[in-house]
Amino acid sequence: QVQLVESGGGLVQDGGSLRLSCIASGRTFSSYRMGWFRQAPGKEREFVARISPSGIITYYADAVKGRFTISRDNAKNTVYLQMNSLKPEDTAVYYCAAKLIANTTDEYDYWGQGTHVTVSS
């Protein structure tokens, strides 16, 4: 079992920045692919970014490419999402998720409770 706890959300103005953190506990963090997702009010949850277990390979949704950066520190069991040039449409609850290397599906195995990000115009 893996527990994921996000932090770093808050209220920021249009064009501002935030850094989200997600700390994992329970099993070997470096065994997991990690991802960030978000869910805006009235909308379905959507993929934001993911990172390989080593941190070498990253992938982003088109909506955030060039503005957001995912990274991880395996020594600290933490994955980050640096969000720059934020827009009101980035307002959502942001979730981190973990997927075992052996899991070849699109589904993630563990989820955090989410952290709220609000971007004011």
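Please read these numbers as outputs of a predicted model, since none were measured by experiment.

## Some points on the nonpolar core
- Among the nonpolar cores identified, the biggest contains 31 residues, and Leu4, Trp36, Leu81, Met83 and Tyr94 are the most heavily contacted of them.
- Secondary structure elements with two or more residues in this core: strand S3 (18-25), strand S4 (32-39), strand S5 (46-51), strand S7 (68-73), strand S8 (78-83), strand S9 (92-100) and strand S11 (115-120).
- Beyond its immediate chain neighbours, meaning those up to four positions away, Leu81 contacts Leu18, Arg19, Leu20, Trp36, Val48, Ala49, Phe68, Thr69, Ile70 and Tyr94.

## Here's the deal with the sheet that holds S7
- If you trace the four strands from one edge of the open sheet to the other, you get S1-S3-S8-S7, paired in antiparallel fashion. Of all strands in the sheet, those bounded by a partner on one side alone are strand S1 (3-7) and S7. Direction aside, neighbouring strands of the sheet carry axes that sit 15° apart on average.

## A short note on the pairing of S3
- Across five bridges, S1 lies against S3 in antiparallel orientation. Of the residues in S3, the one forming a bridge with Gln3 is Ser25.
- Across six bridges, S3 lies against S8 in antiparallel orientation. Among the inter-strand pairings, Leu18 is bridged to a residue of S8, identified as Met83.

## Focus on the pattern of salt bridges
- Applying the stated criterion across every chain yields a total of four salt bridges.
- One salt bridge in this structure joins Arg38 and Glu46, with 2.6 Å as the shortest N-O distance.
- Judged by relative accessible area, Arg38 falls into the buried class, the value being 6%.
- Owing to a relative accessible area of 36%, Glu46 belongs among the partly exposed residues under this scheme.
- With a shortest N-O distance of 2.9 Å, Arg38 and Asp90 are connected by a salt bridge. Here the residue Arg38 occupies a position in strand S4, and Asp90 occupies one in the loop between S8 and S9, the gap between them amounting to 52 residues. The pair formed by Arg38 and Asp90 is uniform in burial state, with each residue classed as buried.

## Focus on the side chain of Thr115
- Relative to the helices and strands, Thr115 resides in strand S11.
- Within the local environment of Thr115, its side chain forms a polar contact with the backbone nitrogen of Gly9, the two atoms lying 3.2 Å apart.
- Leave out the neighbours within four places in its chain, and Thr115 touches Glu6, Ser7, Gly8, Gly9, Leu20, Ala92, Val93 and Tyr94.

## Concerning the packing of aromatic side chains
- For the structure shown, the criterion picks out six aromatic pairs.
- Between Tyr32 and Tyr110, the ring centres sit 6.1 Å apart and the planes meet at 70°, which makes this aromatic pair edge-to-face. On the criterion of sequence distance, the pair formed by Tyr32 in strand S4 and Tyr110 in strand S10 (residues 110-111) is long-range, its members being 78 residues apart. Per residue, the accessibility class of Tyr32 equals that of Tyr110, and both read buried.
- With centroids separated by 5.7 Å and ring planes inclined at 75°, the aromatic side chains of Phe37 and Phe47 adopt a geometry described as edge-to-face. In this pair, Phe37 sits in strand S4 while Phe47 sits in strand S5, placing the two residues 10 residues apart along the sequence.
- An aromatic cluster is built from Phe37, Phe47, Tyr59, Tyr108 and Trp111, whose rings are joined through pairwise contacts.
- Residue placement shows Arg72 over the ring face of Phe29; its charged tip is 4.4 Å from the ring centre.
- Taking NZ or CZ as reference, Lys99 lies 5.0 Å from the ring centre of Tyr108, over its face.

What counts and how
Residues numbered from 1 in each chain as written. Predicted model: local features only at pLDDT ≥ 70, side-chain atom pairs only at ≥ 80, totals over all residues. Heavy atoms only, no water. Core = buried A, V, L, I, M, F, W, Y, C linked by side-chain atoms within 4.5 Å. Buried < 20%, exposed > 50% of the residue type's maximum accessible area, 1.4 Å probe, protein only. Helix = DSSP H or I, 4+ residues; strand = E, 2+ residues; numbered from the N terminus. Contact = heavy atoms within 4.5 Å. Pairing = 2+ DSSP bridges. Axes fitted to C-alpha atoms, helices over the stretch in contact; angles between N-to-C directions. Salt bridge = Lys/Arg side-chain N within 4 Å of Asp/Glu carboxyl O. Polar contact = N/O pair within 3.5 Å; in protein donor to acceptor, adjacent residues only side chain to side chain. Phe/Tyr/Trp six-rings, centres within 6.5 Å; stacked < 30°, edge-to-face > 60°. Lys NZ or Arg CZ within 6 Å of the ring centre and 35° of its normal.

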